[in-house]
Amino acid sequence: MFNFRLGRKAEAEGTLVVPKHIGIIMDGNGRWAKKRMQPRIMGHKAGMEALHKVTKVASDMGVQVLTVYAFSTENWSRPETEVKFIMNLPVDFYEKYVPELHQHNVKIQMIGETDRLPAGTLDALKKAESLTELNTGLILNFALNYGGRAEIVQAIRAIAQDVLEAKYAPSDVDDALVSDYLQTRTLPSSLRDPDLIIRTSGELRLSNFLPWQAAYSELYFTDVLWPDFDEVAFQAAIEAYSKRQRRFGGI
Ligand code: FPP
């Protein structure tokens, strides 16, 4: 259960606001490994372990969706051995952690282009999705081979096609309709947009992560490298979020 001393105090005082949907750009795995004179892939392995821990903490806290940027459409340009290693992580994750997350009522989903994923990667994700399909707890949403602009382009094409087929008029196209064509449409409609986006390792960019959905997200940047991102770092992000005033363009 949610058992951080400070968190409990803040929660009891009503000062801790838990975001419903958190997006995480898990950055800094390579630098974490370099600091330890290890190959970059060791950073990704440690990054997977950090993800497992953060998922449990987020679930205990009552977060409803965790969308994690595991591989972008631009990451294919990395050395082949590194790409292969990252692509095998879902297989490892499925074997090592999914059974336990399933016990925690975690539901696994994914966004991104599945066509280019190796068969084993896709198979592990599909098995995780079907095993956890009926779970009602935290949704762990993997963004794998995901690119935000490509997602928007694909939505525009599908909308244009449906307008051509006279399913609706151009004037019917609004925020809600666009949201129904994005890959996040598989999430409950009130939970599609992240309340908070966390990026680790000191980089101050969104890097094509959920550009539509992030329109009103609070952004939190930390110098902590992703494999070091633990309960305390997570707690710090939630506390920072709790102090923000979200106005959505109002006053
Ligand atoms: C960015 O760090 C990280 C990635 C591209 C991979 C992230 C993947 C994980 C954390 C594991 C996810 C787990 C599963 C099950 C898919 P970087 O390599 O760009 O770090 P650097 O900027 O320090 O080089």
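In this text, all values refer to a predicted model and were calculated from it rather than measured experimentally.

Attention now goes to the overall build of the protein chain. Scanning the protein chain from N- to C-terminus turns up 9 helices and 6 strands. Its C-alpha atoms give the protein chain a radius of gyration of 18 Å, within 12% of the compact-globule value 18 Å for 251 residues. For the protein chain, the spread of C-alpha atoms along the three principal axes comes to 55 × 50 × 35 Å. With 251 residues in all, the protein chain has 47% of them scored as buried. Accessible surface, the protein chain: about 12,900 Å² in total, of which carbon and sulfur atoms supply 54%. Distance between charge centres in the protein chain, computed from 30 positive and 32 negative side chains, equals 5 Å.

Residue position: S59 is located in helix 3 (residues 40–61). On the accessibility criterion, S59 (17% relative accessible area) is buried. Apart from the residues within four sequence positions on either side, S59 is in contact with H104, V106 and L138.

Let's shift gears to the packing of helix 3 against helix 4 (residues 80–96). Two elements in contact, helix 3 and helix 4, have axes separated by 10 Å at closest approach and are oriented at 30 degrees. In this view, helix 3 runs roughly parallel relative to helix 4, as classed from their interaxial angle. In the packing of helix 3 onto helix 4, the handedness of the crossing is right-handed. Every residue of helix 4 that contacts helix 3 at R40, I41, H44, K45, M48, E49, L51 and H52 is listed here: E82, F85, I86, L89, D92, F93 and K96. Here the contact of helix 3 with helix 4 is composed, by residue class, of 7 nonpolar, 2 polar and 6 charged.

Attention shifts here to the site of the ligand. Neighbouring the ligand are 19 residues; G30, R31, R40, H44 and R78 lie closest to it. Between the ligand and N29 there is a distance of 3.2 Å, counted from an oxygen atom to a backbone nitrogen or oxygen. Between the ligand and R31, the relevant distance is 2.7 Å, taken from an oxygen atom to a side-chain nitrogen or oxygen of the residue. Computed on the free molecule, the ligand has an accessible area of 630 Å², of which 92% lies beneath the protein chains in the complex. Judged by its atoms lying within 2 Å of the grid points, the ligand is housed in the largest pocket. Every element with two or more residues in the shell around the ligand is listed here: helix 2 (29–35), helix 3 and helix 4. Among the elements that make up the shell around the ligand, the one with the highest residue count is helix 3 (5 residues). A per-class count over the shell around the ligand returns 9 nonpolar, 6 polar and 4 charged.

A few words now on the packing of helix 3 against helix 9 (residues 231–242). Running from amino to carboxyl end, helix 3 crosses helix 9 at an angle of 45 degrees, the nearest separation of the two axes being 10 Å. It follows from the interaxial angle that helix 3 and helix 9 lie oblique. The two elements helix 3 and helix 9 cross, and the hand of that crossing is right-handed. Together, V54, V57, A58 and M61 of helix 3 and E231, F234, Q235 and I238 of helix 9 make up the contact between the two elements. Taken together, the residues that form the contact of helix 3 with helix 9 break down as 6 nonpolar, 1 polar and 1 charged.

Here the structure, examined in full by the defined rule, presents 1 cavity of 30 Å³ or more. Volume-wise, the largest cavity comes out at about 50 Å³. Contributing to the lining of the largest cavity are P90, F93, Y94, V98, I108, A124, L125, A128 and F142. Only helix 4 and helix 6 (119–132) provide two or more residues apiece to the lining of the largest cavity.

Scoring rules and cut-offs
Residues numbered from 1 in each chain as written. Predicted model: local features only at pLDDT ≥ 70, side-chain atom pairs only at ≥ 80, totals over all residues. Heavy atoms only, no water. Helix = DSSP H or I, 4+ residues; strand = E, 2+ residues; numbered from the N terminus. Rg over C-alpha atoms; globule rule 2.2 N^0.38 Å. Buried < 20%, exposed > 50% of the residue type's maximum accessible area, 1.4 Å probe, protein only. Areas by Shrake-Rupley, 256 points an atom, 1.4 Å probe, with all protein chains shown as cover. Lys, Arg positive; Asp, Glu negative; His and termini not counted. Charge placed at Lys NZ, Arg CZ, Asp CG, Glu CD. Contact = heavy atoms within 4.5 Å. Axes fitted to C-alpha atoms, helices over the stretch in contact; angles between N-to-C directions. Parallel < 35°, antiparallel > 145°, perpendicular 65-115°, else oblique. Left-handed = near helix turned anticlockwise from the far one by under 90°. Nonpolar A, V, L, I, M, F, W, Y, C, P; charged D, E, K, R; others polar. Near = heavy atom within 4 Å. Polar contact = N/O pair within 3.5 Å; in protein donor to acceptor, adjacent residues only side chain to side chain. 1 Å grid on protein atoms, 1.4 Å probe; cavity = no way out; pocket = protein on both sides within 12 Å on 5 of 7 lines; lining within 4 Å. Sits in = over half its atoms within 2 Å of the grid points. Points joined across faces, edges and corners; volume = space filled by probe spheres on them.

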